Amino acid sequence: MRETLALMRVNLLGMLTSFSNNKQGKKKASGALIVLLMGGLSVYISVVYSLLLAQSLQPVGLLELLPILMAVVACAASLMFASMGASGIVFGGRDMDLLFSLPVSAFSVMLSKLLALYLENLIFNVFLLIPAGVIYLVYGGGGGVLFCMALMISTLFLSLLSTLLSAVVGFFLALIQSRSQGKALVTNLVYLVFLALVFVAAFQINQAVGDIAAHQGAIEGALGSWLLPFGLLRLGLAGSLPAYLGFAAITLFPFLLAVWLFSRFYKGILTRLLTHSSRSDYRLGSLAAGSQFSALLKKEAGRFFGTPIYLFNLGIGAMMALAGSIFAAFQRDALQLMLAQIPGVPAVLLVAAALSFLFLMTVPACASISLEGKYLWILKEAPIRSSTLFLVKALLNALLIWGPALLCLPLLWYGFSLTPQALLALFCLCASLGCFVPCFGLAVNLRFPKMDAVNDTLVVKQSASTMIGVFASMLIPAAAALVYWKLGTFLAAESFLLCCSGLFLVLAAVLWHWVLKKGPGILKEL
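Criteria and cut-off values
Residues numbered from 1 in each chain as written. Predicted model: local features only at pLDDT ≥ 70, side-chain atom pairs only at ≥ 80, totals over all residues. Heavy atoms only, no water. Phe/Tyr/Trp six-rings, centres within 6.5 Å; stacked < 30°, edge-to-face > 60°. Helix = DSSP H or I, 4+ residues; strand = E, 2+ residues; numbered from the N terminus. Buried < 20%, exposed > 50% of the residue type's maximum accessible area, 1.4 Å probe, protein only. Axes fitted to C-alpha atoms, helices over the stretch in contact; angles between N-to-C directions. Parallel < 35°, antiparallel > 145°, perpendicular 65-115°, else oblique. Left-handed = near helix turned anticlockwise from the far one by under 90°. Contact = heavy atoms within 4.5 Å. Nonpolar A, V, L, I, M, F, W, Y, C, P; charged D, E, K, R; others polar. Core = buried A, V, L, I, M, F, W, Y, C linked by side-chain atoms within 4.5 Å.

Engineer: Explain the packing of aromatic side chains to me, please; I cannot follow it from the model alone.
Structural biologist: In this description, a pair of aromatic rings is defined by centroid distance and the angle of the planes. Counted by the stated rule, this structure contains 10 aromatic pairs. Taking 6.4 Å as the distance between ring centres and 50° as the angle between the ring planes, the aromatic pair formed by Tyr 244 and Phe 247 counts as tilted. With Tyr 244 and Phe 247 both in helix α10 (residues 241-264), this residue pair falls three residues apart, about one helical turn. Both residues of the pair, Tyr 244 and Phe 247, count as buried. With a centroid separation of 5.6 Å and an interplanar angle of 20°, the aromatic rings of Phe 436 and Phe 440 are classed as stacked. A residue pair is termed a helical-turn pair when its members lie 3 or 4 positions apart in one helix, as Phe 436 and Phe 440 do in helix α20 (residues 420-447) at four residues.

Engineer: How do you make sense of the packing of helix α14 (residues 316-330) against helix α19 (residues 386-415) when you look at a structure like this?
Structural biologist: Helix packing geometry: the angle between the two helix axes and the distance between the axes. Orientation of α14 relative to α19, taken along the N-to-C sense of each, is 15°, at an axis distance of 8 Å. Taken as axis vectors, α14 and α19 run roughly parallel relative to one another. As for the relative orientation of α14 and α19, their crossing is left-handed in sense. Contacts between α14 and α19 pair Ala 318, Ala 321, Leu 322, Ser 325, Ile 326, Ala 328 and Ala 329 from the former with Leu 400, Pro 404, Leu 407, Cys 408, Leu 411, Leu 412, Tyr 414 and Gly 415 from the latter. Partitioning the contact of α14 with α19 into residue classes produces 13 nonpolar, two polar and no charged.

Engineer: Looking at this structure, how should I read the nonpolar core?
Structural biologist: Soluble globular proteins: nonpolar side chains tend toward being buried together. Counting residues in hydrophobic clusters, the biggest one holds 70 residues, and the most contacted among them are Leu 66, Phe 91, Phe 230 and Tyr 266. Excluding residues within four positions of it along the chain, Phe 230 makes contact with Ile 68, Ala 71, Val 72, Cys 75, Leu 158, Leu 161 and Leu 223. Counting 60 residues, the second-largest nonpolar core is a separate cluster that includes Leu 360, Leu 400, Ala 425 and Leu 433.

Now the structure itself:
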């Protein structure tokens, strides 16, 4: 058991100390910062959703559903965020050979990784459910101290369910990815379908919350069938001890069964997932000659589109922009009614805020250097100038913004009935974002490289550079909205967007100058 706990501690620290930048003295602060970021995001989501639910449930006498629906949200969010991580952490990683060379059993290795994933889910769920419980009590929910204690204990068992579902989905994602090597399209389609299902489920939940009385029967039926664990939790929090024990059993025993099954065949599973057969029907052919720049660009594009964890975390913004633009074009009449209900806010600003948020999320440059990992020496020893390497990485990121923007803008112009001046302002904004985002991402990745990660999952989801890149997508539009709120009486919306575009171009020039001046020296030391 001591070996399992030691390995679990190592795995958990590996997931939570991504801000350490390879400096041992900063690891504790790094882990605390990650926990604070996860906790802050969880509390924000919990408070927003809980208040909306409480305002809908209290008038119809269904306030007792608040903690249950928030438990469903917690489980769905954990499934969405942790499944891809489980495929790389539990069923992958460059440290597997080292771990299995240690005098520990395969059961200890597998259990330690699952427990580390469980603790990460537990942190997320605690910060998500506790504020929901407080809001439940504030709005007049019963139970008092006993309810709070039962909710805290329930979080322990709910995290088991989240971890089990994440591990199972992660296993199938890893299996599909290992069987479709060289077939990136197949793997990406599978991931896209998975994310689409999660978003559709979230949309259905939002619709049900919007008119809770009309969907009460459907919710009751779901809690008695495919959401049975949450139905038992509802009865348990209401005071039924047998139901509460049933909830504990229905979450604990399947988790233990999965641990036993995976541990029994863990080495065989990893061997099948991490080994691949080679073709035996090679044929002679001719190779086309190309420039150094085009070869590097093709390599970068191949990594981006061939690595699902990379594509669907740092490219999801462009995909959502395209999906939202198509939706806006087909729902033009509904959008006009919605805009009529919020007078005083120009439609072009709403579109600009959404596009800025989504395109600022499209920042693969903030992980492109870290993903070179132990193979970075090949690029450093090759006759390639550092400026060429930086330009290639920046250009791919820029194309991932400019391309979708050219497709989105006509659809948004039609869907929101924008003026030609507004369309021009949006075009300038997207063009400037395509210059700023890659420079910002490269600068952040050079400043906070993560070259020792055991798999791509830790680089993409939990490194300092990607955290900064993702949170910037939230802070920059919010700061711009605050500035417009102060200056909106002096500037038209289109003029304000042009000013923002100019500012982004200036910042891009400053950051690119820093990358070209400091980047080669930093790259040489990595």
